[in-house]
Amino acid sequence: MKILLVNIDQLLQVREKPPSKLKGSEMKELPTLSNAWLLVEDDRIAHFGAMDTPFEGAVDSTIDCTGRLVLPSWCDSHTHLVFAGNREQEFVDRINGMTYQEIAARGGGILNSANKLQNTSEDELFLQAVIRLREVMLSGTGAIEIKSGYGLTTEAELKMLRVAKRLAKEFPIEIKTTFLGAHAVPQEFKGNKDAYIELICKEMLPKVASEKLADYVDVFCEEGYFSVADTEKILSEAKKYNLIPKIHVNQFNAIGGVATGVKYEALSVDHLEVLSDEDIKALQGSDTMPVALPACSYFLSIPYTPGRAIIDAGLPLALATDFNPGSSPTGNMNFVVSAACIKMRLTPEEAINAATLNGAYAMGLSDSHGSITRGKKANLIITSPVPSYGFLPYSFGSNHIETVICNGKIL
Ligand code: NIG
Ligand code: FE
(Lines give C-alpha, C1' and ligand atoms only; values in the text may rest on other atoms or scores of the structure.)
(Ligands and ions follow the chains in the order given, each with its own letter.)
Protein backbone atom coordinates (compact mmCIF):
# COMPACT_ATOMS: atom_id res chain seq x y z
CA MET A 1 0.00 0.00 0.00
CA LYS A 2 1.52 3.33 -1.09
CA ILE A 3 0.14 6.74 -0.09
CA LEU A 4 1.73 9.86 -1.56
CA LEU A 5 1.43 13.23 0.17
CA VAL A 6 2.08 16.10 -2.24
CA ASN A 7 2.36 19.91 -2.14
CA ILE A 8 3.16 19.88 1.60
CA ASP A 9 3.64 23.52 2.56
CA GLN A 10 6.13 22.51 5.27
CA LEU A 11 7.31 19.09 6.34
CA LEU A 12 8.44 19.41 9.97
CA GLN A 13 11.03 17.55 12.02
CA VAL A 14 12.84 16.20 8.96
CA ARG A 15 15.97 14.36 10.03
CA GLU A 16 18.16 12.13 7.85
CA LYS A 17 20.09 10.78 10.84
CA PRO A 18 18.04 11.63 13.92
CA PRO A 19 19.77 11.70 17.28
CA SER A 20 18.06 9.65 20.00
CA LYS A 21 17.19 12.85 21.87
CA LEU A 22 17.70 16.61 21.71
CA LYS A 23 19.10 18.63 24.57
CA GLY A 24 19.75 22.27 25.50
CA SER A 25 20.22 24.55 22.50
CA GLU A 26 19.69 21.64 20.07
CA MET A 27 16.02 21.91 20.95
CA LYS A 28 15.82 25.32 19.28
CA GLU A 29 16.22 23.75 15.84
CA LEU A 30 13.24 22.26 14.06
CA PRO A 31 14.44 21.16 10.62
CA THR A 32 11.83 21.65 7.91
CA LEU A 33 11.45 21.04 4.20
CA SER A 34 9.24 23.44 2.23
CA ASN A 35 7.01 22.48 -0.69
CA ALA A 36 7.59 18.79 -0.12
CA TRP A 37 6.23 15.36 -0.90
CA LEU A 38 6.31 12.25 1.27
CA LEU A 39 5.72 8.62 0.36
CA VAL A 40 4.20 6.19 2.85
CA GLU A 41 4.76 2.54 2.03
CA ASP A 42 2.84 0.11 4.24
CA ASP A 43 3.60 1.19 7.81
CA ARG A 44 6.78 3.16 7.03
CA ILE A 45 7.98 6.51 5.75
CA ALA A 46 9.57 5.33 2.50
CA HIS A 47 10.81 8.54 0.96
CA PHE A 48 10.39 12.30 0.88
CA GLY A 49 11.72 15.20 -1.12
CA ALA A 50 11.04 18.62 -2.59
CA MET A 51 8.26 19.10 -5.17
CA ASP A 52 10.76 20.33 -7.78
CA THR A 53 12.04 16.73 -7.88
CA PRO A 54 8.65 15.01 -7.60
CA PHE A 55 8.12 11.35 -6.85
CA GLU A 56 7.39 9.40 -9.99
CA GLY A 57 5.90 5.97 -9.61
CA ALA A 58 2.61 4.20 -9.08
CA VAL A 59 0.79 4.81 -5.79
CA ASP A 60 -2.53 3.65 -4.33
CA SER A 61 -3.69 7.11 -3.28
CA THR A 62 -2.53 10.71 -3.24
CA ILE A 63 -3.31 13.36 -0.63
CA ASP A 64 -3.00 17.00 -1.66
CA CYS A 65 -1.50 18.92 1.28
CA THR A 66 -1.55 22.41 -0.26
CA GLY A 67 -1.29 25.05 2.47
CA ARG A 68 -0.89 22.34 5.10
CA LEU A 69 1.87 21.18 7.41
CA VAL A 70 2.90 17.58 7.95
CA LEU A 71 4.66 16.55 11.12
CA PRO A 72 5.44 13.34 12.98
CA SER A 73 2.66 12.28 15.36
CA TRP A 74 2.92 13.20 19.02
CA CYS A 75 4.71 10.76 21.31
CA ASP A 76 2.93 10.80 24.68
CA SER A 77 5.34 9.13 27.10
CA HIS A 78 3.28 9.40 30.32
CA THR A 79 -0.38 8.45 30.68
CA HIS A 80 -2.73 6.53 32.94
CA LEU A 81 -5.24 6.04 30.10
CA VAL A 82 -6.74 2.85 31.54
CA PHE A 83 -8.99 3.92 34.41
CA ALA A 84 -12.57 3.41 35.54
CA GLY A 85 -15.17 6.17 35.54
CA ASN A 86 -14.11 9.69 36.42
CA ARG A 87 -13.44 12.01 39.36
CA GLU A 88 -15.72 14.85 38.38
CA GLN A 89 -16.98 15.20 41.96
CA GLU A 90 -13.43 15.86 43.25
CA PHE A 91 -13.06 18.48 40.52
CA VAL A 92 -16.08 20.30 41.97
CA ASP A 93 -14.76 19.80 45.53
CA ARG A 94 -11.53 21.52 44.52
CA ILE A 95 -13.48 24.39 42.94
CA ASN A 96 -15.21 24.71 46.30
CA GLY A 97 -11.90 25.05 48.10
CA MET A 98 -10.49 21.63 48.97
CA THR A 99 -6.94 20.85 47.91
CA TYR A 100 -5.79 17.79 45.96
CA GLN A 101 -3.90 16.62 49.07
CA GLU A 102 -6.95 17.10 51.35
CA ILE A 103 -9.10 15.05 48.98
CA ALA A 104 -6.47 12.29 48.96
CA ALA A 105 -6.23 12.37 52.77
CA ARG A 106 -9.96 11.65 53.14
CA GLY A 107 -9.59 8.50 50.98
CA GLY A 108 -10.35 10.15 47.67
CA GLY A 109 -7.86 10.68 44.86
CA ILE A 110 -5.95 7.63 43.69
CA LEU A 111 -7.78 5.42 46.25
CA ASN A 112 -11.13 6.58 44.85
CA SER A 113 -10.03 5.54 41.35
CA ALA A 114 -8.69 2.23 42.71
CA ASN A 115 -12.02 1.45 44.33
CA LYS A 116 -13.85 2.14 41.06
CA LEU A 117 -11.38 0.09 39.04
CA GLN A 118 -11.45 -2.92 41.35
CA ASN A 119 -15.24 -3.03 40.85
CA THR A 120 -15.08 -2.77 37.06
CA SER A 121 -14.75 -5.87 34.89
CA GLU A 122 -11.82 -6.24 32.51
CA ASP A 123 -14.13 -6.00 29.47
CA GLU A 124 -15.83 -2.85 30.75
CA LEU A 125 -12.45 -1.30 31.57
CA PHE A 126 -11.32 -2.09 28.04
CA LEU A 127 -14.41 -0.45 26.50
CA GLN A 128 -13.90 2.72 28.55
CA ALA A 129 -10.23 2.85 27.54
CA VAL A 130 -11.07 2.32 23.85
CA ILE A 131 -13.13 5.53 23.80
CA ARG A 132 -10.19 7.49 25.24
CA LEU A 133 -7.61 5.86 22.97
CA ARG A 134 -9.65 6.62 19.84
CA GLU A 135 -9.94 10.27 20.86
CA VAL A 136 -6.22 10.47 21.62
CA MET A 137 -5.29 8.93 18.26
CA LEU A 138 -7.54 11.35 16.38
CA SER A 139 -5.84 14.21 18.20
CA GLY A 140 -2.54 13.17 16.64
CA THR A 141 -0.85 10.86 19.14
CA GLY A 142 0.98 8.01 17.42
CA ALA A 143 2.78 6.37 20.35
CA ILE A 144 1.72 6.26 23.97
CA GLU A 145 2.78 4.90 27.33
CA ILE A 146 0.09 3.54 29.67
CA LYS A 147 0.60 2.86 33.38
CA SER A 148 -1.13 0.63 35.87
CA GLY A 149 -1.50 2.04 39.40
CA TYR A 150 -5.25 2.30 39.90
CA GLY A 151 -5.52 -1.38 40.81
CA LEU A 152 -3.46 -1.56 44.01
CA THR A 153 -4.22 -5.28 44.38
CA THR A 154 -2.33 -7.92 42.44
CA GLU A 155 -5.43 -8.92 40.54
CA ALA A 156 -6.48 -5.37 39.66
CA GLU A 157 -2.98 -4.26 38.67
CA LEU A 158 -2.71 -7.24 36.32
CA LYS A 159 -6.18 -6.44 34.98
CA MET A 160 -5.11 -2.89 34.07
CA LEU A 161 -1.98 -4.07 32.31
CA ARG A 162 -3.87 -6.76 30.39
CA VAL A 163 -6.28 -4.10 29.17
CA ALA A 164 -3.35 -1.96 28.01
CA LYS A 165 -1.84 -4.97 26.23
CA ARG A 166 -5.19 -5.70 24.55
CA LEU A 167 -5.35 -2.10 23.33
CA ALA A 168 -1.86 -2.57 21.87
CA LYS A 169 -3.03 -5.66 20.02
CA GLU A 170 -6.24 -4.17 18.64
CA PHE A 171 -5.08 -0.66 17.64
CA PRO A 172 -2.34 0.43 15.22
CA ILE A 173 -0.83 2.86 17.76
CA GLU A 174 2.43 1.85 19.50
CA ILE A 175 1.78 1.27 23.22
CA LYS A 176 4.38 0.85 25.98
CA THR A 177 3.23 -0.32 29.41
CA THR A 178 4.45 0.57 32.88
CA PHE A 179 3.80 -1.18 36.19
CA LEU A 180 2.93 1.44 38.85
CA GLY A 181 1.86 -0.71 41.80
CA ALA A 182 3.52 1.90 44.04
CA HIS A 183 1.08 4.66 43.15
CA ALA A 184 -0.53 4.91 46.62
CA VAL A 185 -0.74 2.80 49.76
CA PRO A 186 -4.14 1.06 49.65
CA GLN A 187 -6.59 1.49 52.55
CA GLU A 188 -6.06 -2.11 53.76
CA PHE A 189 -2.35 -1.36 54.26
CA LYS A 190 -2.80 1.98 56.01
CA GLY A 191 -0.06 2.28 58.65
CA ASN A 192 1.62 -0.78 57.18
CA LYS A 193 3.26 0.51 54.03
CA ASP A 194 6.16 -1.94 54.26
CA ALA A 195 3.77 -4.86 53.92
CA TYR A 196 2.37 -3.31 50.72
CA ILE A 197 5.89 -2.81 49.36
CA GLU A 198 6.54 -6.45 50.18
CA LEU A 199 3.44 -7.40 48.18
CA ILE A 200 4.67 -5.31 45.24
CA CYS A 201 8.12 -6.88 45.36
CA LYS A 202 7.26 -10.48 46.13
CA GLU A 203 3.93 -10.97 44.36
CA MET A 204 3.09 -8.24 41.87
CA LEU A 205 6.50 -7.78 40.21
CA PRO A 206 7.07 -11.51 39.60
CA LYS A 207 3.58 -11.89 38.08
CA VAL A 208 3.87 -8.77 35.92
CA ALA A 209 7.22 -10.04 34.68
CA SER A 210 6.15 -13.64 34.08
CA GLU A 211 3.13 -12.52 32.04
CA LYS A 212 5.36 -9.96 30.24
CA LEU A 213 2.86 -7.23 30.98
CA ALA A 214 5.20 -4.26 31.44
CA ASP A 215 8.16 -2.58 29.77
CA TYR A 216 8.82 -0.20 32.67
CA VAL A 217 8.36 0.25 36.41
CA ASP A 218 7.15 3.42 38.11
CA VAL A 219 6.89 4.69 41.70
CA PHE A 220 5.11 7.81 42.99
CA CYS A 221 8.09 9.14 44.98
CA GLU A 222 6.47 11.86 47.09
CA GLU A 223 5.78 12.85 50.69
CA GLY A 224 2.81 10.86 51.92
CA TYR A 225 3.24 8.25 49.20
CA PHE A 226 6.60 6.48 48.71
CA SER A 227 9.88 7.75 50.16
CA VAL A 228 13.26 7.68 48.45
CA ALA A 229 14.14 4.55 50.46
CA ASP A 230 10.86 2.86 49.38
CA THR A 231 11.58 3.86 45.78
CA GLU A 232 15.09 2.38 45.92
CA LYS A 233 13.73 -0.86 47.30
CA ILE A 234 11.17 -1.22 44.51
CA LEU A 235 13.52 -0.14 41.72
CA SER A 236 16.25 -2.52 42.80
CA GLU A 237 13.77 -5.40 42.96
CA ALA A 238 12.35 -4.43 39.54
CA LYS A 239 15.85 -4.46 38.10
CA LYS A 240 15.95 -8.23 38.63
CA TYR A 241 13.14 -8.45 36.07
CA ASN A 242 14.81 -6.00 33.67
CA LEU A 243 12.10 -3.41 34.27
CA ILE A 244 13.56 0.03 33.56
CA PRO A 245 12.34 2.89 35.80
CA LYS A 246 10.20 5.81 34.63
CA ILE A 247 9.20 7.52 37.84
CA HIS A 248 6.86 10.15 39.28
CA VAL A 249 9.05 12.61 41.20
CA ASN A 250 9.00 16.19 42.52
CA GLN A 251 5.30 16.86 41.90
CA PHE A 252 4.78 18.59 45.25
CA ASN A 253 8.13 18.24 47.05
CA ALA A 254 11.76 17.74 46.11
CA ILE A 255 12.79 14.81 48.33
CA GLY A 256 15.74 13.49 46.34
CA GLY A 257 13.85 11.22 43.95
CA VAL A 258 15.49 12.72 40.87
CA ALA A 259 18.99 11.62 41.97
CA THR A 260 17.54 8.19 42.81
CA GLY A 261 16.04 7.95 39.33
CA VAL A 262 19.39 8.80 37.77
CA LYS A 263 21.17 6.31 40.07
CA TYR A 264 18.84 3.55 38.89
CA GLU A 265 19.26 4.64 35.25
CA ALA A 266 15.65 5.71 34.87
CA LEU A 267 14.62 6.31 31.28
CA SER A 268 12.66 9.32 32.51
CA VAL A 269 11.81 11.31 35.62
CA ASP A 270 8.36 12.87 35.30
CA HIS A 271 6.48 15.85 36.83
CA LEU A 272 9.33 17.98 38.30
CA GLU A 273 7.03 20.87 39.17
CA VAL A 274 9.27 21.50 42.20
CA LEU A 275 12.87 21.27 41.06
CA SER A 276 16.03 22.12 43.02
CA ASP A 277 19.49 23.02 41.72
CA GLU A 278 20.68 19.63 43.03
CA ASP A 279 18.05 17.91 40.90
CA ILE A 280 19.26 19.73 37.79
CA LYS A 281 22.85 18.79 38.66
CA ALA A 282 21.83 15.16 39.13
CA LEU A 283 20.33 15.09 35.63
CA GLN A 284 23.35 16.66 33.92
CA GLY A 285 25.46 14.04 32.19
CA SER A 286 22.81 11.34 32.65
CA ASP A 287 20.73 9.52 30.03
CA THR A 288 17.53 10.22 31.99
CA MET A 289 14.89 12.32 30.24
CA PRO A 290 13.09 14.97 32.33
CA VAL A 291 9.39 14.96 31.42
CA ALA A 292 7.03 17.89 32.03
CA LEU A 293 3.27 17.48 32.33
CA PRO A 294 1.79 20.97 31.96
CA ALA A 295 -1.83 19.79 31.65
CA CYS A 296 -1.54 18.51 35.24
CA SER A 297 -0.25 21.91 36.43
CA TYR A 298 -3.10 23.59 34.59
CA PHE A 299 -5.78 21.31 36.00
CA LEU A 300 -4.52 21.33 39.60
CA SER A 301 -3.34 24.97 39.58
CA ILE A 302 0.11 23.95 40.80
CA PRO A 303 3.44 25.35 39.55
CA TYR A 304 4.60 24.50 36.04
CA THR A 305 7.77 22.49 35.59
CA PRO A 306 10.61 24.99 35.01
CA GLY A 307 11.09 23.82 31.44
CA ARG A 308 12.94 26.96 30.41
CA ALA A 309 15.51 26.47 33.19
CA ILE A 310 15.84 22.76 32.37
CA ILE A 311 16.63 23.46 28.71
CA ASP A 312 18.86 26.41 29.56
CA ALA A 313 20.86 24.10 31.83
CA GLY A 314 21.70 22.09 28.70
CA LEU A 315 19.26 19.29 29.50
CA PRO A 316 16.72 17.60 27.25
CA LEU A 317 12.99 17.88 27.97
CA ALA A 318 9.98 15.85 26.89
CA LEU A 319 6.30 16.76 27.16
CA ALA A 320 3.47 14.36 27.96
CA THR A 321 -0.21 14.59 28.92
CA ASP A 322 -0.33 12.52 32.16
CA PHE A 323 -3.87 11.60 31.01
CA ASN A 324 -5.61 10.42 34.20
CA PRO A 325 -8.90 11.01 36.03
CA GLY A 326 -7.49 12.99 38.97
CA SER A 327 -4.85 15.46 37.86
CA SER A 328 -5.07 15.65 34.06
CA PRO A 329 -8.29 14.42 32.46
CA THR A 330 -7.05 15.11 28.94
CA GLY A 331 -4.96 13.13 26.51
CA ASN A 332 -4.61 16.03 24.11
CA MET A 333 -0.98 16.67 23.19
CA ASN A 334 -1.94 19.76 21.16
CA PHE A 335 -3.01 21.46 24.37
CA VAL A 336 0.17 20.28 26.12
CA VAL A 337 2.36 21.78 23.39
CA SER A 338 0.48 25.10 23.67
CA ALA A 339 0.66 25.12 27.46
CA ALA A 340 4.41 24.47 27.34
CA CYS A 341 4.86 27.55 25.15
CA ILE A 342 2.44 29.75 27.07
CA LYS A 343 3.26 28.72 30.64
CA MET A 344 6.78 27.28 30.51
CA ARG A 345 8.24 29.66 27.92
CA LEU A 346 9.29 27.00 25.45
CA THR A 347 9.52 28.20 21.87
CA PRO A 348 7.29 26.38 19.34
CA GLU A 349 10.41 24.58 18.04
CA GLU A 350 11.37 23.42 21.54
CA ALA A 351 7.84 22.31 22.36
CA ILE A 352 7.45 20.34 19.12
CA ASN A 353 10.84 18.66 19.67
CA ALA A 354 9.84 17.85 23.26
CA ALA A 355 6.53 16.31 22.13
CA THR A 356 7.95 14.24 19.26
CA LEU A 357 11.57 13.05 19.29
CA ASN A 358 12.15 13.49 23.03
CA GLY A 359 8.78 11.91 23.83
CA ALA A 360 9.82 8.94 21.69
CA TYR A 361 13.09 8.70 23.67
CA ALA A 362 11.14 8.60 26.93
CA MET A 363 9.43 5.42 25.64
CA GLY A 364 12.53 3.83 24.13
CA LEU A 365 11.13 4.51 20.66
CA SER A 366 13.48 7.05 19.13
CA ASP A 367 14.70 4.55 16.52
CA SER A 368 11.21 4.21 15.07
CA HIS A 369 9.19 7.29 16.07
CA GLY A 370 9.35 11.03 16.60
CA SER A 371 10.82 12.34 13.34
CA ILE A 372 10.36 12.36 9.57
CA THR A 373 13.08 9.87 8.72
CA ARG A 374 13.17 7.21 6.02
CA GLY A 375 12.31 3.84 7.54
CA LYS A 376 10.59 5.23 10.62
CA LYS A 377 6.93 4.43 11.26
CA ALA A 378 4.48 6.36 9.07
CA ASN A 379 2.91 8.23 11.98
CA LEU A 380 1.89 11.57 10.60
CA ILE A 381 -0.26 14.58 11.35
CA ILE A 382 -1.61 16.57 8.40
CA THR A 383 -2.88 19.94 9.59
CA SER A 384 -5.65 22.04 8.11
CA PRO A 385 -4.44 25.12 6.19
CA VAL A 386 -2.39 27.18 8.71
CA PRO A 387 0.07 30.03 8.16
CA SER A 388 3.02 28.45 10.04
CA TYR A 389 3.90 25.86 12.69
CA GLY A 390 4.05 28.52 15.40
CA PHE A 391 0.35 29.02 14.76
CA LEU A 392 -0.37 25.57 16.23
CA PRO A 393 0.60 26.40 19.87
CA TYR A 394 -0.39 30.06 19.44
CA SER A 395 -4.03 29.40 18.59
CA PHE A 396 -4.55 27.13 21.60
CA GLY A 397 -7.86 25.34 21.92
CA SER A 398 -8.49 25.20 18.18
CA ASN A 399 -8.23 21.92 16.33
CA HIS A 400 -5.88 22.23 13.37
CA ILE A 401 -5.60 18.53 12.63
CA GLU A 402 -7.27 17.44 9.42
CA THR A 403 -5.88 13.94 8.87
CA VAL A 404 -3.96 11.49 11.02
CA ILE A 405 -1.94 8.57 9.65
CA CYS A 406 -1.01 5.93 12.23
CA ASN A 407 1.33 3.09 11.26
CA GLY A 408 0.53 3.83 7.62
CA LYS A 409 -3.25 3.76 8.15
CA ILE A 410 -5.42 6.83 7.54
CA LEU A 411 -7.65 7.16 10.60
O1 NIG B 1 0.67 11.70 37.59
N2 NIG B 1 0.92 11.94 40.84
C3 NIG B 1 0.54 10.80 40.78
N4 NIG B 1 -0.26 10.24 39.90
C5 NIG B 1 -1.05 10.89 38.91
C6 NIG B 1 -2.36 11.37 39.40
C7 NIG B 1 -3.07 10.45 40.25
C8 NIG B 1 -4.50 10.79 40.49
O9 NIG B 1 -4.83 11.84 41.06
O10 NIG B 1 -5.31 9.95 40.11
C11 NIG B 1 -0.27 12.01 38.27
O12 NIG B 1 -0.57 13.19 38.45
FE1 FE C 1 1.18 10.44 36.16
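You'll find the structure just up there.
Being a predicted model, the structure only gives us computed values, none of them experimental.

A. Highlighting the nonpolar core. In terms of nonpolar packing, the biggest core is built from 113 residues, with Leu81, Val82, Leu133, Leu167, Phe179, Ile234 and Leu319 touching the most fellow members. If near-sequence neighbours (up to four positions away) are discounted, leucine 133 is found in contact with Leu81, Ile144, Leu167, Phe171, Ile173 and Ile175.

B. The arrangement of the pairing of strand β15 (residues 401–406) in detail. Across the 6 residues of β15, 5 count as buried, placing the element largely inside the fold. Where strand β14 (residues 380–383) lies against β15, 4 bridges are found, and the strand directions are antiparallel. Bridge pairing links threonine 383 to isoleucine 401 in β15. Two elements, β15 and strand β16 (residues 409–410), share 2 bridges in a ladder whose sense is antiparallel.

C. Structural view of the coordination of the iron ion (ligand 2). Protein-derived ligands of the iron ion (ligand 2) are His78 (NE2), His80 (NE2), His248 (NE2) and Asp322 (OD), with the metal-ligand distances lying across 2.1 to 2.2 Å. Read in sequence order, the donor residues for the iron ion (ligand 2) give the motif H-x1-H-x167-H-x73-D. Here the residue histidine 80 occupies a position in the loop between β6 (74–76) and α1 (88–95), and histidine 248 occupies one in strand β10 (residues 244–249), the gap between them amounting to 168 residues. Using a relative accessible area of 2% as the deciding quantity, one classes histidine 80 as buried. In this structure histidine 248 comes out as buried when scored by relative accessible area, which is 3%.

D. Geometry of α1. When α1 is considered as a whole, its buried residues turn out to be Glu90, Asp93 and Arg94. All buried residues of α1 lie within an arc of 100° about the axis, which places them on one face of the element. Exposed side of α1, more than 90 degrees from the buried face: Glu88, Gln89 and Ile95 are the residues found there. The elements touched by buried residues of α1 are α2 (100–105), α3 (110–118) and α10 (294–300). At the C-terminal side of α1, glycine 97 shows a positive phi close to 120°.

Here is what the cut-offs are and how they apply
Residues numbered from 1 in each chain as written. Chains lettered and ligands numbered in written order. Predicted model: local features only at pLDDT ≥ 70, side-chain atom pairs only at ≥ 80, totals over all residues. Heavy atoms only, no water. Core = buried A, V, L, I, M, F, W, Y, C linked by side-chain atoms within 4.5 Å. Buried < 20%, exposed > 50% of the residue type's maximum accessible area, 1.4 Å probe, protein only. Contact = heavy atoms within 4.5 Å. Helix = DSSP H or I, 4+ residues; strand = E, 2+ residues; numbered from the N terminus. Pairing = 2+ DSSP bridges. Donors = N, O, S within 2.8 Å, 3.2 Å for Na, K, Ca; no water. Arc of directions from axis to C-beta.

Function cannot be inferred from these measures alone, as they are strictly geometric.
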